[in-house]
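Structural features, examined
Residues per chain, in single letters:
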Amino acid sequence: MSGPVGILAGGGDFPQRLAQAARDAGRPVLVIVIKEFGDAARFQGFPHEVIRLGAGGRIIGALRQAGVKQIVLSGAAKRPSMLSLLPDMWMAGALARIGKAALLGDDSILRAVTQLLEAEGFEVITAAQLRGDMLAASGQLAGPQPDAATRHDIARGIRILRAMAAVDVGQACVVQQGLALAIEA
């Protein structure tokens, strides 16, 4: 698809790299820097607005005014407290529609937010859909080839992560000699 793409930018450098990659591919970009998470200084030279998370109506309006049809959610974010949102009318309605997903895991919240944005007429795409060449290739990226014991630990880690994903808990685990030493929750 051509036309402007919206990037809802949280923290870190990936949103800025994504904006540059989209521009390099000939896509106009509007970056919405989420005030609580992103750093507007990273987006000098890009059309951008800094908008607080609770001002969902303003975010939607800015995206529409720029002619954005596709949106990428990118960058680090932490779960805000409901009180810190100070929701505008749009966000108050959105929170009501999200309902219990706000009390569940991060994946549940992201799915609910995606559904809200799609109900507003936007297509939520991944960074890979925008610029797949920005992501690491599958397979081993560095280091020595794993031996049989390490491959066993890797397989166990994958099983653990799949079980955790089913209940929307965590994204990482550490396995050594078949034992789960740590999980991210």
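Residues numbered from 1 in each chain as written. Predicted model: local features only at pLDDT ≥ 70, side-chain atom pairs only at ≥ 80, totals over all residues. Heavy atoms only, no water.

1. A look at the sheet that holds strand β1 (residues 5-9)
- Taken in spatial order, the 5 strands line up as β3-β2-β1-β4-β5 in an open sheet, and their pairing is parallel. The two strands at the open ends of the sheet, each matched to only one other strand, are β3 (48-51) and β5 (123-125). Direction aside, neighbouring strands of the sheet carry axes that sit 25 degrees apart on average.
- Relative to β3, strand β2 (residues 29-34) runs parallel, the two being bridged by 4 bridges. The residue of β3 that forms the bridge with Val-31 is His-48.
- The sheet contacts of helix α1 (residues 14-24) involve β1, β2 and β4 (70-74), and relative to β1 the element is tilted by about 170 degrees. (Pairing = 2+ DSSP bridges. Helix = DSSP H or I, 4+ residues; strand = E, 2+ residues; numbered from the N terminus. Axes fitted to C-alpha atoms, helices over the stretch in contact; angles between N-to-C directions. Contact = heavy atoms within 4.5 Å.)

2. As for helix α7 (residues 148-166)
- Helix length check: α7 (19 residues) gives 27 Å between terminal C-alpha atoms against 27 Å at 1.5 Å per residue, within 8%.
- Where α7 is concerned, the buried positions are Asp-153, Gly-157, Ile-160 and Met-164. Along the axis of α7, the buried residues cluster in a sector spanning 65 degrees; they form a single face. Turned more than 90 degrees off the buried face of α7, the exposed positions are Ala-148, Arg-162, Ala-163, Ala-165 and Ala-166.
- Where α7 is buried, its residues contact β6 (173-176) and β7 (179-183).
- By the N-cap criterion, in which a side-chain oxygen at the helix start approaches the backbone nitrogen of a residue two or three places on, α7 is capped by Asp-147, the distance to Ala-149 being 3.2 Å.
- Asp-168 sits one or two positions beyond α7 and adopts a positive phi of about 55 degrees. (Expected span 1.5 Å × (residues − 1). Buried < 20%, exposed > 50% of the residue type's maximum accessible area, 1.4 Å probe, protein only. Arc of directions from axis to C-beta. Polar contact = N/O pair within 3.5 Å; in protein donor to acceptor, adjacent residues only side chain to side chain.)

3. Some words on the nonpolar core
- Formed by 18 residues in total, the largest nonpolar core has its most connected members in Leu-8, Ile-32, Ile-59, Leu-63 and Ile-71.
- Looking at this core, the elements with two or more residues in it are β2 and α2 (56-65).
- The biggest single contributor to this core is α2, with 4 residues.
- Among all residues touching Leu-8, those that are not within four sequence positions of it are Ile-32, Ile-59, Leu-63, Ile-71, Val-72, Leu-73, Ser-74 and Leu-117.
- The next biggest cluster of nonpolar side chains, apart from the first, holds 15 residues, and it includes Leu-18, Ala-22, Val-33 and Leu-130. (Core = buried A, V, L, I, M, F, W, Y, C linked by side-chain atoms within 4.5 Å.)

4. Here we look at the pairing of β4
- Most of β4 is tucked away, with 4 of its 5 residues classed as buried.
- In this sheet, β4 lies alongside β1 in parallel orientation, the contact comprising 5 bridges. Note on β4: the bridge partner recorded for Val-5 is Gln-70.
- Examined bridge by bridge, β4 and β5 share 3 bridges and lie parallel to one another. Paired with Gln-70 across the strands is Glu-123, a residue of β5.

5. Brief notes about the environment of Ser-138
- Structurally, the position occupied by Ser-138 is in the loop between α6 (127-131) and α7.
- Considering only alpha carbons, one finds Ser-138 and Gln-20, 118 residues apart in sequence, at a separation of 23 Å.

6. Let's talk about the side chain of Arg-131
- Mapped onto the secondary structure, Arg-131 falls in helix α6.
- A distance of 2.5 Å separates the side chain of Arg-131 from the backbone oxygen of Ala-21, its partner in a polar contact.
- In this view, Arg-131 contacts Ala-21, Ala-22, Asp-24 and Ala-25; residues no more than four positions away in its chain are not counted.

7. Description of α2
- Listing the buried residues of α2 in full gives Gly-56, Ile-59, Ile-60, Ala-62 and Leu-63. The buried residues of α2 occupy an angular sector of 165 degrees when the element is viewed end-on, so they sit on one face.
- In this fold, the buried residues of α2 make contact with β1, β2, β3, β4, α4 (89-98) and α5 (106-119).
- Trailing α2 by a residue or two, Gly-67 shows a phi angle of about 75 degrees, which is positive.

In short, geometric facts, not functional conclusions.
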